[in-house]
Amino acid sequence: MRAAAGFLVVALAADASAQTLAPEAKAPAVVLVKDATVWTQGPAGVLENTDVLVREGKIAAIGRALPAPAGAFVVEAGGRHVTPGLIDAHSHTAIRGGVNEGSNNVTAEVRIADVVDPDDPDVYRALAGGVTTSNLLHGSANAIGGQNAVVKMRWRSTPAAMLVDGAPAGIKFALGENPKRSNFRAPGGAVRYPATRMGVMESIRERFLAARDYAATWAAWNALPAGERAKRVPPRRDLQLEAIAEILEGDRLIHCHAYRQDEMLALVRLVETFSVRIATFQHVLEGYKIADEIAAHGAGASTFSDWWAFKLEAYDAIPYNGALMRDRGVLVSFNSDSSELARRMNLEAAKAVKYGAVPEADALAFVTLNPARQLGIDRRVGTLEVGKDADLVVWSGHPLSVYAVADQTWVDGRLEFDRTADVASRAAVEAARAEAVAKALGRAPEPPATAIPAGAQPGPGPAPAWKDRLASRGGGVSIVGATVHPVSGPPIENGTVSFREGRIVAVGAGLPPLPGATVVDGRGRHLYPGLLDASSSLGRVEISSVAGSVDVGEIGDLNPEVATAIAVNPDSELLGVARANGITHALGVPEGGIVSGSSAWMRLDGWTWEDLEASGPVAMHVRWPSYAVRRGPGAPSEDDQRRERELRLTALRRLFEDARAYARAKGAAPDGRRIDVDPKLEAMLPVVDGRLPVVVHASQARQIRAALDWAGKEQIRIVLASPSSGDAWRLADALAARAVPVLLEGVLQLPAREDDPYDAAYAAAAKLRAAGVRVAIASGGGGGGAWTARNLPYHAAMAAAFGLPKDDALRAVTLHAAEILGVASTLGSIEVGKSASLILTDGDPLEIRTRVGAAWIDGRPASLEDNRHDRLYRRYASRPRPGAR
């Protein structure tokens, strides 16, 4: 930061070394952002090498080479991009004390504005992702819920300061599974009407009729002469009916949570009988099926970009939803409904480019102008235009790129987030945290895990046997003219990759195709190895909330004999969806207990589970007991919890002792002597003799330390599986010293603690890699998240945006995953002799806007369009328009 010609200049830094604004100077009277690519989202479009001038919190001018007024704060943004602040049309961030008043089916009297919390750390995290305005909504437990609050993200201000003056009043409605309570009941609560979609609709109709009568009663009262009113008792005031009457009078907007087309169309027809218009359908996952009817009604649609299959009513959700509705004339926005997702709304917008070919500026409008219009605040926000609020974001690169991060976020001309300052403050925060922990414990912070004695760490065991699935015989396939990315080496321009019978036989620049081969023209395309998901429940979970479709974990603590491969459904719709985004193999990981069972590498295309199983068993999975203290009603005492944990760990140690004794007994038995077979101990034999590694699932520092010490004593080879939000990065040096690789299960996560850096999960891979730890990145689907597996490449990309070298990010979902889990001789890179498991793309597969055009798994062409989403897209894209039937 330097003074120059009477104004203050800040050059945005790539590291934490540059100074930035002091807290007391975060709202300068004049701000000039210079020389950026400005996405106005208004009539001016995208402007190169352009300046934005801000005065007293409003945009004063936009143009090239604007002079800096005296005293201006100047941001040198050359090479950066500037957009309007992002707007989240459906959020629950900054709501204190819960979002649902679940006591009644109708709670229109409650107000989110009464419980807005500006100290919520998720406000700051949203700012770090460029969000400046949010629509805070009541939960969806009620057919008619509470009143919303539209807020500016002014962290650590006041509740009143967060509220947007003049924003139209709104209210939350909800249809479907949540208000009819299909999947839950409030603890201790009785069955509550309604229990069907029919009942939900009638409960809304009844309240509308009651509110109409209530309004008429008050209108009649107000029409009485003053003298007559003085003689009578006024009508009883009802806050619930008062709010609903405002809907009927057009003074309160309906924002309705809904998924299925039948319920949405029913509500449209219901409110039309009262001459009411729905402002927005929220989530609106089957909106594409009735896009014409939504457009004709005049409702907006605020949807998820690609959420699906997390419950039954979301099973027909498709990522093309936003594009299809937009094409039919619906005003579309993307929302978060999640404090984690709110931190990357720009990347959600990029999915509209990938799924539906929405032009980039129009896609960005899904999180800027369009939600502003839906909320009735577009006169103030949503575009960068003279006179509007100075809500803007300075991005490090193209705002729809996975590699771009928010450098600065301004709200009303005030600097609410500055990445340079944030990074510079972290050492002090971490030191204060360590001091507080030590004080609370009454001792010095715990030391790192003790080192394994020299020579005690077992080396890699034999790789699990690969089960070949040969492609049909013939002349083979040659992909010619593509840019080949072997991953194990530098890219090859004008490359040729040839394979036959499932194996690669030639890789090089300008090579001729194989004689008699099928030739694939790869010019202008990029060839990569298929992506590997190193921790997944694909094929064992269909719909997360439907118990009968979830098959991930056995009961009991010790289940080493359980193997995942046989439970994978080859016809699961989730396999095709993941495959369409370039994932060719996934490690099926068991859950539950302490010893969960063994995993297997599964192909994402095949006729039977045997056809899908590529390699197994791959590893034994151990889930280390938590050290977190459970509190609340019914929780055991801390002493009882400690004893429970020790009993489980004793059982784990005893299982290994018994397995070794069983192995000795088998080895010592004379020929012909029968040893009773114990399935549990048989499954443990390849673990105790070093042939099979143990994947330890742990996230807390104490868990990881204890697991490392246990592995050293047991002399076993381990891999750590940990969420990116966990403490693995804090123990990077100990993990590196023991050569323990790490599977990061999900990068797109919130930090585990309020005092963790906002990007702790995003940057965990980079910190581990910097310490010398080998890292693979997995979707970490689990019982509740198999539907997110297709977004595996974007987990790796986010790690790259926050410090992991791009080459390592790609290896984290290809070669490193294969190396860590024993299949590098077959998968993970494009080399002669390896499996012909390949994807042909139009760009970097970690970029959201990239499309996968073709794929092969072990040399067999893998269908990319024969999946639930593309089938529904093709069907409803061809629905006749009104008047064309």
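Residues numbered from 1 in each chain as written. Predicted model: local features only at pLDDT ≥ 70, side-chain atom pairs only at ≥ 80, totals over all residues. Heavy atoms only, no water.

**Concerning the overall build of the chain**
Next, step 1: Each helix and strand in the chain was counted, giving 25 helices and 37 strands.
Next, step 2: Dimensions along the principal axes, computed over C-alpha positions, put the chain at roughly 110 × 70 × 70 Å.
Next, step 3: Within the chain, the proportion of its 885 residues that are buried is 58%.
Next, step 4: Contacts in the chain between residues at least 24 apart in sequence constitute 71% of all its contacts with a sequence separation of at least 6.
Next, step 5: Total accessible area on the chain is roughly 34000 Å²; 53% of this is exposed by carbon and sulfur atoms.
Next, step 6: Distance between charge centres in the chain, computed from 99 positive and 102 negative side chains, equals 1 Å. (Helix = DSSP H or I, 4+ residues; strand = E, 2+ residues; numbered from the N terminus. Buried < 20%, exposed > 50% of the residue type's maximum accessible area, 1.4 Å probe, protein only. Contact = heavy atoms within 4.5 Å. Areas by Shrake-Rupley, 256 points an atom, 1.4 Å probe, with all protein chains shown as cover. Lys, Arg positive; Asp, Glu negative; His and termini not counted. Charge placed at Lys NZ, Arg CZ, Asp CG, Glu CD.)

**Quick notes on the pattern of salt bridges**
Next, step 1: Taken as a whole and assessed by the stated rule, the structure comprises 71 salt bridges.
Next, step 2: A salt bridge links arginine 125 to aspartate 122, with the shortest nitrogen-to-oxygen separation between them at 2.8 Å. A residue pair is termed a helical-turn pair when its members lie 3 or 4 positions apart in one helix, as arginine 125 and aspartate 122 do in helix α1 (residues 121-128) at 3 residues.
Next, step 3: The buried category is assigned to aspartate 122, whose relative accessible area is 12%.
Next, step 4: With a shortest N-O distance of 2.7 Å, glutamate 263 and arginine 197 are connected by a salt bridge. Of the two residues, glutamate 263 sits in helix α6 (residues 261-272) while arginine 197 sits in helix α3 (residues 197-223), which places them 66 residues apart along the sequence. We note that glutamate 263, like arginine 197, is buried. (Salt bridge = Lys/Arg side-chain N within 4 Å of Asp/Glu carboxyl O.)

**Details of the pairing of strand β36 (residues 852-857)**
Next, step 1: With 4 bridges joining them, strand β35 (residues 838-841) and β36 adopt antiparallel strand pairing. Note that in β36 the partner of threonine 841 across the bridge is valine 852.
Next, step 2: Pairing of β36 with strand β37 (residues 860-861) involves 2 bridges; the strand directions are antiparallel. For tryptophan 856, the partnering residue across the bridge sits in β37 and is proline 861. (Pairing = 2+ DSSP bridges.)

**Topic: the packing of α3 against helix α5 (residues 239-248)**
Next, step 1: Two numbers describe how α3 lies on α5: the axes approach to 8 Å, and their chain directions differ by 90°. Between α3 and α5, the crossing angle belongs to the class labelled roughly perpendicular. Contacts between α3 and α5 involve Arg207, Phe208, Ala210, Ala211, Arg212, Tyr214 and Ala215 on the former and, on the latter, Gln240, Leu241, Glu242, Ile244, Ala245, Ile247 and Leu248.
Next, step 2: Counted by class, the contact of α3 with α5 contains 10 nonpolar, 1 polar and 3 charged residues. (Axes fitted to C-alpha atoms, helices over the stretch in contact; angles between N-to-C directions. Parallel < 35°, antiparallel > 145°, perpendicular 65-115°, else oblique. Nonpolar A, V, L, I, M, F, W, Y, C, P; charged D, E, K, R; others polar.)

**Structural notes on empty space enclosed by the protein**
Next, step 1: The final tally for this structure, using the stated rule, is 7 cavities of 30 Å³ or more.
Next, step 2: In this structure, the largest cavity occupies an estimated 130 Å³ of space.
Next, step 3: Lining the largest cavity are 15 residues, and of these Ala128, Gly129, Arg343, Ala404 and Phe802 lie nearest its centre.
Next, step 4: In terms of residue class, the lining of the largest cavity is made up of 10 nonpolar, 2 polar and 3 charged. (1 Å grid on protein atoms, 1.4 Å probe; cavity = no way out; pocket = protein on both sides within 12 Å on 5 of 7 lines; lining within 4 Å. Points joined across faces, edges and corners; volume = space filled by probe spheres on them.)

**A short note on the side chain of arginine 344**
Next, step 1: As for its position among the elements, arginine 344 is in the loop between β16 (332-334) and α9 (345-354).
Next, step 2: Those residues in contact with arginine 344, other than ones at most four positions away along the chain, are Leu748, Tyr762 and Met798.

**Some remarks on the sheet that holds strand β8 (residues 86-91)**
Adjacent strands of a sheet pair through backbone hydrogen bonds, lying either parallel or antiparallel.
Next, step 1: One open sheet holds the 3 strands; their spatial order is β8-β9-β11, and the pairing between them is mixed. Looking along the sheet, the strands with just one partner apiece sit at the ends: β8 and β11 (149-152). Sheet twist, expressed as the average angle between the axes of neighbouring strands with direction ignored, equals 20°.

**Some thoughts on the nonpolar core**
Next, step 1: Counting 189 residues, the largest nonpolar core has Phe208, Leu267, Phe281, Trp624 and Ile777 as the members making the most contacts within it.
Next, step 2: Look past the residues within four positions of leucine 267 in its chain and what remains in contact with it is Phe173, Leu175, Met201, Ile204, Cys256, Ile278 and Phe281.
Next, step 3: Residues Val589, Ala614, Leu743 and Ile820 belong to the second largest nonpolar core, which totals 21 residues. (Core = buried A, V, L, I, M, F, W, Y, C linked by side-chain atoms within 4.5 Å.)

**Re the sheet that holds strand β28 (residues 600-603)**
Next, step 1: In space, the 4 strands of this open sheet follow the order β25-β26-β28-β29, with mixed pairing throughout. Where the open sheet ends on each side, the last strands, each with one partner, are β25 (531-536) and β29 (613-615). Neighbour-to-neighbour, the strand axes of the sheet open up by a mean angle of 35°, direction not taken into account.
Next, step 2: In this sheet, strand β26 (residues 583-588) lies alongside β25 in parallel orientation, the contact comprising 4 bridges. Residue pairing across strands places leucine 531 opposite isoleucine 583, the latter belonging to β26.

**Quick notes on the confidence of the model for the chain**
Next, step 1: In the predicted model, the chain carries a mean pLDDT of 92, and the fraction of residues at 70 or more is 93%.
Next, step 2: Counted against residues more than four places away or in other chains, residues 13-21, with its pLDDT under 50, gives 19 contacts.
Next, step 3: This stretch, residues 448-456, has a pLDDT under 50; its non-local contacts, to residues over four places away or in other chains, come to 12 contacts. (pLDDT = per-residue confidence, 0-100.)

**Let's talk about helix α16 (residues 638-668)**
Next, step 1: Look at α16: 45 Å from first C-alpha to last across 31 residues, which is about the 45 Å you get at 1.5 Å a residue.
Next, step 2: Of the surrounding secondary structure, the elements contacted by the buried residues of α16 are β27 (595-598), β30 (620-623), α17 (679-688), β31 (694-697) and α18 (701-714). (Expected span 1.5 Å × (residues − 1).)

**Focus: the side chain of serine 615**
Next, step 1: Mapping serine 615 onto the fold places it in strand β29.
Next, step 2: Engagement of the side chain of serine 615 in a polar contact is seen with the backbone oxygen of alanine 465, the distance being 3.3 Å. (Polar contact = N/O pair within 3.5 Å; in protein donor to acceptor, adjacent residues only side chain to side chain.)

**Let's talk about helix α20 (residues 760-770)**
Next, step 1: Among the 11 residues of α20, 8 are classified as buried, and the element is accordingly described as predominantly covered.
Next, step 2: For α20, the full list of buried residues reads Ala760, Ala761, Tyr762, Ala763, Ala764, Ala765, Ala766 and Leu768.
Next, step 3: Structurally, α20 contributes buried residues whose contacts are with α19 (732-737), β33 (742-745), β34 (775-778) and α22 (792-801).

**A word on unusual backbone geometry**
Next, step 1: Cis rather than trans, the peptide bond between tyrosine 193 and proline 194 has omega equal to 5°.
Next, step 2: Along the polypeptide, proline 194 turns up in the loop between β12 (170-174) and α3.

**Considerations on the packing of aromatic side chains**
Next, step 1: Using the criterion set out here, one finds 24 aromatic pairs in the structure.
Next, step 2: The interplanar angle of 70° and the centroid separation of 5.6 Å between the aromatic rings of tyrosine 124 and phenylalanine 417 together place this pair among those described as edge-to-face. With tyrosine 124 in helix α1 and phenylalanine 417 in strand β19 (residues 414-418), this pair connects stretches of sequence that are 293 residues apart.
Next, step 3: Every member of this aromatic cluster is reached through a ring pair, and the members are Tyr124, Trp155, Phe417, Tyr758, Tyr762 and Phe802.
Next, step 4: Above the face of the tyrosine 403 ring, lysine 806 is positioned so that its terminal group lies 4.0 Å from the ring centre. (Phe/Tyr/Trp six-rings, centres within 6.5 Å; stacked < 30°, edge-to-face > 60°. Lys NZ or Arg CZ within 6 Å of the ring centre and 35° of its normal.)

**Focus on the environment of alanine 296**
Next, step 1: Residue placement: alanine 296 occurs in helix α7 (residues 291-297).
Next, step 2: Its relative accessible area of 69% is what places alanine 296 among the exposed residues.
Next, step 3: Residues alanine 296 and valine 330 lie 34 residues apart in sequence; the distance between their C-alpha atoms is 8.6 Å.

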